[in-house]
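Chain by chain, the residues run as shown.
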Amino acid sequence: DIHEKLNLHDHDLSSDERAQKISDMAAEGRRIADELEQEDDPIVSGLKKAANPYYQNRSASVPSSAATSSAIEKEYDEAKNNPEKDYWTERDLYGGAMKINIQKRFIDLSVHYPLKDNTEAFVDNIADQSVLIECLNYNMKRNDTAASRQYMESIARTNQASAIRLTEFGNLTKKHIPNVPLNSTCKAFYAISEQMIVRGLRKNAAEEMPPNKVMVFLALFRWENVKTDMLISFNAPMEWGFKERPFREISRKTNKNSFFKMLQSLQVNDWDVFVM
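*Asks:* In this structure, what is going on with the packing of aromatic side chains? I would like to understand it.
*Replies:* Two descriptors summarise a pair of aromatic rings, namely the distance from one centre to the other and the angle between the planes of the rings. One pass over the structure, following the stated rule, counts 9 aromatic pairs. Arranged with centres 5.8 Å apart and planes meeting at 40°, the rings of W271 and F274 form a pair that is tilted. Put simply, the rings of Y190, F217, F234, F259 and F260 pair up and form one aromatic cluster.

As structure tokens, this is what we get:
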């Protein structure tokens, strides 16, 4: 869970410890990626790198660990003290092939952390929230009506959730996604769950950390025409068993409205970016 690991503002950590933590995170990310590629149902890129020069520069543009720590802390402090960071702003996805509106307080993780080419991630350390976008290979074995539940269960496993409760499930309509096609080869669904997730660093390995109750919002776009399943997941804590900082608490209704507001803004500008 990228958001779980990116807690770089613990005042008990020195600059060197933060830099080491970022290095450890990169190694862990590579390990997880290797494991996923070895699974029977691999989660690999559904994007055509050659179609977009964005990918050629993405890894090279990630700064050093020390620079990353300093930059993230600066963005965190600016967001904490600037009410305009709650304003919505358009973000480029996959080099502009897609666009989506996300609040300014969410930091673009790809600027600071090496992500897989099929992944975009935005982290908000003010309210302990995150948005993750992934383009995966279209899996014909997954039934359309069951796919959202299956992906939600996969997210719960990745989060190492001790419990999951699916609270809502349905089809996305033109009202929800006015700028995205809906037809026999372009389908869309959503699911909402509550998950019990332990986050943060353990001071003592033997200590049991109390879990947070997290609302996980998931949108699934099944684009058979370009052989891609695209996921947008929004993680929003409702109750904290343990707070590393005094996170802002945002209501369930507001978080749900934010999720659908994001989806309403989604645009696909370049379908050629997908592998077919």
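*Asks:* Would you explain the nonpolar core in this entry?
*Replies:* With 37 residues, the main nonpolar core has F221, W223 and I232 as its most contacted residues. Looking at this core, the elements that each hand over two or more residues are strand 2 (98-103), strand 5 (129-137), strand 7 (186-197), strand 8 (212-223), strand 9 (228-239) and helix 6 (252-265). Grouped together as the second largest cluster of nonpolar side chains are 13 residues, L136, A147, I155 and A191 included.

*Asks:* Honestly, the environment of K243 in this entry has me stumped. Any pointers?
*Replies:* Position of K243 relative to the elements: it lies in the loop between strand 9 and helix 6. We classify K243 as partly exposed; its relative accessible area is 29%. Through-space distance from the C-alpha of K243 to that of P210 is 9.9 Å; in sequence the pair is 33 residues apart.

*Asks:* How should the sheet that holds strand 9 be read in this particular structure?
*Replies:* The strands making up a sheet associate through hydrogen bonds between their backbones, and the pairing can be parallel or antiparallel. Read from one edge to the other, the open sheet built from 7 strands follows the order 3-4-5-9-8-7-6, with strand pairing classed as antiparallel. In this open sheet, the two strands that pair with only one neighbour each are strand 3 (107-108) and strand 6 (163-171). With respect to the sheet, helix 6 is in contact with strand 5, strand 6, strand 7, strand 8 and strand 9, its orientation differing from that of strand 9 by roughly 160°.

Rules used in this analysis
- Residues numbered from 1 in each chain as written.
- Predicted model: local features only at pLDDT ≥ 70, side-chain atom pairs only at ≥ 80, totals over all residues.
- Heavy atoms only, no water.
- Phe/Tyr/Trp six-rings, centres within 6.5 Å; stacked < 30°, edge-to-face > 60°.
- Core = buried A, V, L, I, M, F, W, Y, C linked by side-chain atoms within 4.5 Å.
- Buried < 20%, exposed > 50% of the residue type's maximum accessible area, 1.4 Å probe, protein only.
- Helix = DSSP H or I, 4+ residues; strand = E, 2+ residues; numbered from the N terminus.
- Pairing = 2+ DSSP bridges.
- Contact = heavy atoms within 4.5 Å.
- Axes fitted to C-alpha atoms, helices over the stretch in contact; angles between N-to-C directions.

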